[in-house]
Amino acid sequence: MAKYNDLDPKKWKEYSDINTDSLWLIEKRDNSGAHSGDYHGNFVPQIPHQLFTRYTKKGDWILDPFMGSGTSLIEAQRLGRNSIGIDLQPDVVQEAEERIRTEQRKNCIVRTVTGDSRTVNIEEVMSSVGIDKLQFVMMHPPYWDIIKFSDNEKDLSNTSTLDEFLESFGKVIDNSTKYLEKNRYCACVIGDKYANSQVIPLGFYCMNQFMERGFLLKAILVKNFGETKGKANQQGIWRYRAITNDFYIFKHEYIFVFKKVK
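None of these values were measured; they are calculated from a predicted model. (Residues numbered from 1 in each chain as written. Predicted model: local features only at pLDDT ≥ 70, side-chain atom pairs only at ≥ 80, totals over all residues. Heavy atoms only, no water.)

1. Things to note about the layout of surface pockets
So, step 1. Empty space within the second largest pocket amounts to approximately 210 Å³.
So, step 2. What lines the second largest pocket is A2, Y4, N5, L7, D8, P9, W12, Y15, I18, T20 and R54. (1 Å grid on protein atoms, 1.4 Å probe; cavity = no way out; pocket = protein on both sides within 12 Å on 5 of 7 lines; lining within 4 Å. Points joined across faces, edges and corners; volume = space filled by probe spheres on them.)

2. A closer look at the packing of aromatic side chains
Remark: the centre distance and the inter-plane angle together describe each pair of aromatic rings, the angle taken between the planes.
So, step 1. Scanning all chains against the criterion turns up 15 aromatic pairs.
So, step 2. Look at F165 and F169: their rings are 6.3 Å apart centre to centre, the planes differ by 5°, and that puts the pair in the stacked class. Of this pair, F165 and F169 both sit in helix α5 (residues 162-177), four residues apart, which is roughly one turn of the helix. Each member of the pair, F165 as well as F169, carries the same accessibility label: buried.
So, step 3. Here the aromatic cluster, defined as three or more aromatic residues joined through ring pairs, consists of F66, F165, F169, F204, F210, F215, Y254, F256 and F258.
So, step 4. Note that R54 overlies the ring of Y55, its terminal NZ or CZ placed 5.5 Å from the centroid. (Phe/Tyr/Trp six-rings, centres within 6.5 Å; stacked < 30°, edge-to-face > 60°. Helix = DSSP H or I, 4+ residues; strand = E, 2+ residues; numbered from the N terminus. Buried < 20%, exposed > 50% of the residue type's maximum accessible area, 1.4 Å probe, protein only. Lys NZ or Arg CZ within 6 Å of the ring centre and 35° of its normal.)

3. A short note on α5
So, step 1. Given a rise of 1.5 Å per residue, 16 residues ought to cover 22 Å, and the 22 Å separating the end C-alpha atoms of α5 matches this to within 8%.
So, step 2. Those residues of α5 lying buried are L162, F165, L166, S168, F169, G170, V172, I173, N175, S176 and T177. (Expected span 1.5 Å × (residues − 1).)

4. Considering the sheet that holds strand β2 (residues 61-64)
Backbone-to-backbone hydrogen bonds pair the strands of a sheet. The strands run either parallel or antiparallel.
So, step 1. If you walk across this open sheet you meet the eight strands as β1-β9-β10-β6-β5-β2-β3-β4, and the pairing is mixed. For this open sheet the edge positions go to β1 (23-24) and β4 (110-114), each flanked by a neighbour on one side alone.
So, step 2. Sheet topology note: the strand β9 (residues 216-224)/strand β10 (residues 252-259) ladder contains eight bridges and is antiparallel. Opposite I220, over in β10, you have F256 as the bridge partner.
So, step 3. The strands touched by helix α6 (residues 202-211) are β5 (134-139), β6 (180-190), β9 and β10; relative to β10, the strand with the most contacts, the crossing angle is about 5°. (Pairing = 2+ DSSP bridges. Contact = heavy atoms within 4.5 Å. Axes fitted to C-alpha atoms, helices over the stretch in contact; angles between N-to-C directions.)

5. Remarks on the pattern of salt bridges
So, step 1. Under the defined criterion, the tally for this structure stands at eleven salt bridges.
So, step 2. One salt bridge in this structure joins D116 and R118, with 2.8 Å as the shortest N-O distance. For the residue pair D116 and R118, the accessibility class agrees, reading buried in each case.
So, step 3. Residue D174 is joined to R213 by a salt bridge in which the shortest nitrogen-to-oxygen separation is 2.6 Å. Residue D174 is found in helix α5, and its partner R213 is found in the loop between α6 and β9; the two are separated by 39 residues along the sequence.
So, step 4. Judged by its relative accessible area of 28%, R213 is partly exposed. (Salt bridge = Lys/Arg side-chain N within 4 Å of Asp/Glu carboxyl O.)

6. Looking at the nonpolar core
So, step 1. In this structure, I47, L51, L134, F136, M139, F169 and F210 are the most contacted members of the largest nonpolar core, which totals 59 residues.
So, step 2. Element by element, the count of residues in this core is highest for β6, at seven residues.
So, step 3. For F136, the contacting residues outside a window of four places in its chain are L51, F52, Y55, T56, W61, I62, L63, L180, Y185, C186 and A187.
So, step 4. By size, the runner-up hydrophobic cluster in this structure holds seven residues, among which are M67, I74, A96 and V110. (Core = buried A, V, L, I, M, F, W, Y, C linked by side-chain atoms within 4.5 Å.)

7. Description of the packing of α5 against α6
So, step 1. Two elements in contact, α5 and α6, have axes separated by 10 Å at closest approach and are oriented at 40°. In terms of orientation, α5 lies oblique with respect to α6. Both α5 and α6 take part in a crossing whose hand is right-handed. Of the residues in α6, those in contact with L162, F165, L166, F169, G170 and I173 of α5 are L202, Y205, C206, Q209 and F210. (Parallel < 35°, antiparallel > 145°, perpendicular 65-115°, else oblique. Left-handed = near helix turned anticlockwise from the far one by under 90°.)

8. Description of the pairing of β10
So, step 1. The buried fraction of β10 amounts to six of the eight residues, a majority that puts the element mostly inside the structure.
So, step 2. Strand direction decides the pairing type here: β6 and β10, joined by six bridges, are antiparallel. Note on β10: the bridge partner recorded for C186 is F258.

Here it is as structure tokens:
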């Protein structure tokens, strides 16, 4: 048994539900129970489910500095993990808390925090639950300014330039992963952007933010996505635009997995 999960190598044939390939084809989002799909910008619960199963154990502590609707925290408690979630918007935190309570597990601790993940005192939250280390950090940041999540100037989706976005994202990495236990893992779910007639490889820019800080890159996973809210019922229009112009339609996003070795 690995030191970072509860999987038994002798039973590897029984784990047919665990993805081991780098291409993740997920037919549809899991909307069961508290996993509601109506939060703009939320992500597929199957992603944290797979990552937490592979890289954490029951009782471990998971941090999500971009909590949003609480997807990671809900999935964490379903798997018997404890969690801390941070979000900038008080109303979003309140809604996430309501979702989480509908599936509250007695043996799991969940803490939500309203604040700026670049500067919020995470150590204080950890101290309140009697821990000094985290075992996994799950990040699903805004894809820069593709979706505007709020009018708050501290919101990463309101950064005016790519450099400003990456600088702010780097500060989130610094503030959250310093509490990550050595030889444990973190992940970032991120997509690219198309602007000014060119692809902006936002995913790889974010990947480099981790690697510049000494994290070991363990996986580049590619996940498909189909219809989005912004392109709902517009497949034909986008296909026409692609054929009559020089671009391809984004149908993927990245899941980068890193190991903290320093």
